[in-house]
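Listed below, chain by chain, are the residues.
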Amino acid sequence: MRKQHNQGYEIYNAFKRSPIENDWYIVPIVIIGTLIAFTAFAGVENTFNVLAQFIGGVITGT
C-alpha cells in the first residue's frame with residue numbers, strides 16, 4: 001500500500017485499499033437509487049399505487 005504524507009495525515013491510494021472493508025453504505029444507496037429510478041420510469045402516482053398494493057398484499061398474506 002502506498003502512503004503519502006500530507007501535513008501529518010496519511011493518505012492511502014484509493015485503488016490499493018482492500019474492497020468491501022467499509023463499503024456498507026453501498027446497499028442503501030442501491031436500494032434508494034432503484035426506488036428513484038422506478039419512480040422516474042413509472043411516475044409518482046403509479047409508484048404509490050404499486051407500493052400500496054404490495055404493502056396491502058403483505059399485510060393480508062395474499
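As shown above, the structure is provided for reference.
Residues numbered from 1 in each chain as written. Predicted model: local features only at pLDDT ≥ 70, side-chain atom pairs only at ≥ 80, totals over all residues. Heavy atoms only, no water.

Q: How do you make sense of the overall build of the protein chain when you look at a structure like this?
A: In terms of regular secondary structure, the protein chain is built from 2 helices and 2 strands. Its helices and strands taken in sequence order, the protein chain reads β-β-α-α from the N to the C terminus. In the protein chain, buried positions account for 5% of the 62 residues. In the form shown here, the protein chain has an accessible surface area of approximately 5900 Å², with 67% of it arising from carbon and sulfur atoms. (Helix = DSSP H or I, 4+ residues; strand = E, 2+ residues; numbered from the N terminus. Buried < 20%, exposed > 50% of the residue type's maximum accessible area, 1.4 Å probe, protein only. Areas by Shrake-Rupley, 256 points an atom, 1.4 Å probe, with all protein chains shown as cover.)

Q: Could you clarify how one ought to interpret the packing of helix H1 (residues 26-42) against helix H2 (residues 44-60) in this entry?
A: Axis angle and axis distance: for two packed helices, these are the angle between their axes and the distance between the axes, and together they describe the pair. Across the interface, H1 lies against H2 with an axial gap of 6 Å and an inter-helix angle of 120 degrees. When the interaxial angle is binned, H1 and H2 end up oblique. Once H1 is placed against H2, the crossing between them reads as right-handed. Residues Phe 38, Thr 39 and Ala 42 of H1 lie in contact with H2, whose contacting residues are Val 44, Asn 46 and Thr 47. Looking at side-chain class alone, the contact of H1 with H2 contains 3 nonpolar, 3 polar and no charged residues. (Axes fitted to C-alpha atoms, helices over the stretch in contact; angles between N-to-C directions. Parallel < 35°, antiparallel > 145°, perpendicular 65-115°, else oblique. Left-handed = near helix turned anticlockwise from the far one by under 90°. Contact = heavy atoms within 4.5 Å. Nonpolar A, V, L, I, M, F, W, Y, C, P; charged D, E, K, R; others polar.)

Q: Even after reading the chapter, I still don't get the side chain of Thr 47, so can you show me in this structure?
A: Within the secondary structure, Thr 47 sits in helix H2. The residues touching Thr 47, leaving out its near neighbours within four places in the chain, are Phe 38, Thr 39 and Ala 42.

Q: Any chance you could explain a nonpolar patch on the surface here in plain terms?
A: On the surface, Leu 35, Val 44, Phe 48, Leu 51, Phe 54, Ile 55, Val 58 and Ile 59 cluster together to form a nonpolar patch covering roughly 840 Å² of accessible area. The leading source of residues in the nonpolar patch is H2, at 7 residues. For Leu 35, the location among the structural elements is in helix H1. When its relative accessible area of 44% is taken as the criterion, Leu 35 is described as partly exposed. (Patch = residues over 30% accessible without salt bridge, like charges linked within 9 Å, V, L, I, M, F, W, Y side chains within 5 Å. Salt bridge = Lys/Arg side-chain N within 4 Å of Asp/Glu carboxyl O.)

Q: Looking at this model, I keep getting lost on H2. Mind explaining?
A: Between the first and last C-alpha of H2 there are 24 Å, a value that for 17 residues agrees with the 24 Å anticipated at 1.5 Å per step. Phi turns positive, to about 80 degrees, at Gly 61, one or two residues after H2. (Expected span 1.5 Å × (residues − 1).)

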